[in-house]
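Geometric and topological summary
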Amino acid sequence: MNIVGILGSPSTPSRSAYLLELALSRLDAITSSYRSIRPRDLPAQALTQADFGDARLQDAVRAVGESQLVIVATPIYKASYSGVLKAFLDLLPQDGLRDKTVLPLATGGSPAHLLALDYALKPVLSALGARDILDGIYATDQQLPSRPEGGYSAAADIVERLDRSVQRVAARARELREREAELARAASARANSEPWPAERVRWSV
Ligand SMILES: Cc1cc2nc3c(=O)[nH]c(=O)nc-3n(C[C@H](O)[C@H](O)[C@H](O)COP(=O)(O)O)c2cc1C
């Protein structure tokens, strides 16, 4: 399964980046390729002026197009997802998330904006064609405390919720593998079938 992570934080270090990495570390077994997109690292002028001709933007948009699972991780800013994430999502084609499974993740300073995933981010994901949007995970800064040696850790309930989402993703990956195997079987059956002998064709329309 090709996985793309889109990280909406303009900061570093970043709790939403940590949450994204935590999700990915649990998806190792089903990942065939992983690509991380950090809109903050894309050329700022191209991003803010929606320059679709920029090679790095094109490459990032293409990576999303080629993925089956998209994990969108964002900090909550002013009761919504981050502006730099919106700048990137605006560059995706209108149906840029069609047929993809999407896992939304957010971190916020307090639980006050827990619903921002539902009222702000999910409508945008649906507008981009996503129909398979997994339950989002919202973690407060308190649930992702800093470690004295650097980095962050996660409260047990956040890890538990991530594990539940990962199980759903693993089920989708299994379905995808089965569908691909079925398509490959059908293609090979078609390739191996005897061509219809021309002399037996009586008429055609
Ligand atoms: C400009 C700014 C606006 C913020 N607005 C909110 C907010 O409206 N609600 C909230 O819960 N937290 C808010 N926060 C806190 C961040 O969402 C929180 O610290 C988050 O974990 C930061 O994620 P990051 O480390 O990945 O950037 C804000 C932080 C900043 C810098």
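Just so it is clear, the model here is predicted, and its values are computed rather than measured. (Residues numbered from 1 in each chain as written. Predicted model: local features only at pLDDT ≥ 70, side-chain atom pairs only at ≥ 80, totals over all residues.)

The next thing to look at is the site of the ligand. With respect to spatial proximity, 18 residues lie near the ligand, and among them S14, S16, P75, G108 and G109 are the closest. Examining the composition of the shell around the ligand, we find that three residues originate from one element, helix α1 (residues 15-25), more than from any other. A per-class count over the shell around the ligand returns six nonpolar, nine polar and three charged. (Near = placed C-beta within 6 Å. Helix = DSSP H or I, 4+ residues; strand = E, 2+ residues; numbered from the N terminus. Nonpolar A, V, L, I, M, F, W, Y, C, P; charged D, E, K, R; others polar.)

The next point concerns α1. Summarising burial for α1: eight of the 11 residues are buried, a large majority. Regarding α1, the residues found buried are R15, S16, A17, Y18, L19, L20, L22 and A23. The secondary structure elements touched by the buried residues of α1 are β1 (2-7), β3 (69-75), β4 (101-108), β6 (137-140) and α6 (156-192). (Buried ≥ 20, exposed ≤ 12 C-beta atoms within 10 Å, placed from the backbone. Contact = placed C-beta atoms within 7 Å.)

Per the UniProt record, "domain: NADPH-dependent FMN reductase-like" (unreviewed entry) is annotated on residues 1-142. End C-alpha atoms of residues 1-142 are separated by 32 Å, and the span's content is 32% helix alongside 23% strand. (UniProt positions renumbered as here; feature names shortened; annotations may be inferred.)

Next up on the list: the pairing of β1. Most of β1 sits inside the fold, with five of its six residues counted as buried. Sheet analysis places β1 next to strand β2 (residues 33-37), joined by five bridges and oriented parallel. Bridge assignment links V4 to a residue of β2, and that residue is R35. With α1 bridging β1 and the parallel β2, this β-α-β connection has right-handed handedness. As paired elements, β1 and β3 share five bridges and run parallel to each other. Bridge pairing in β3 places I6 opposite V72. (Pairing = 2+ DSSP bridges. Right-handed = clockwise from strand over helix to strand, strands pointing away.)

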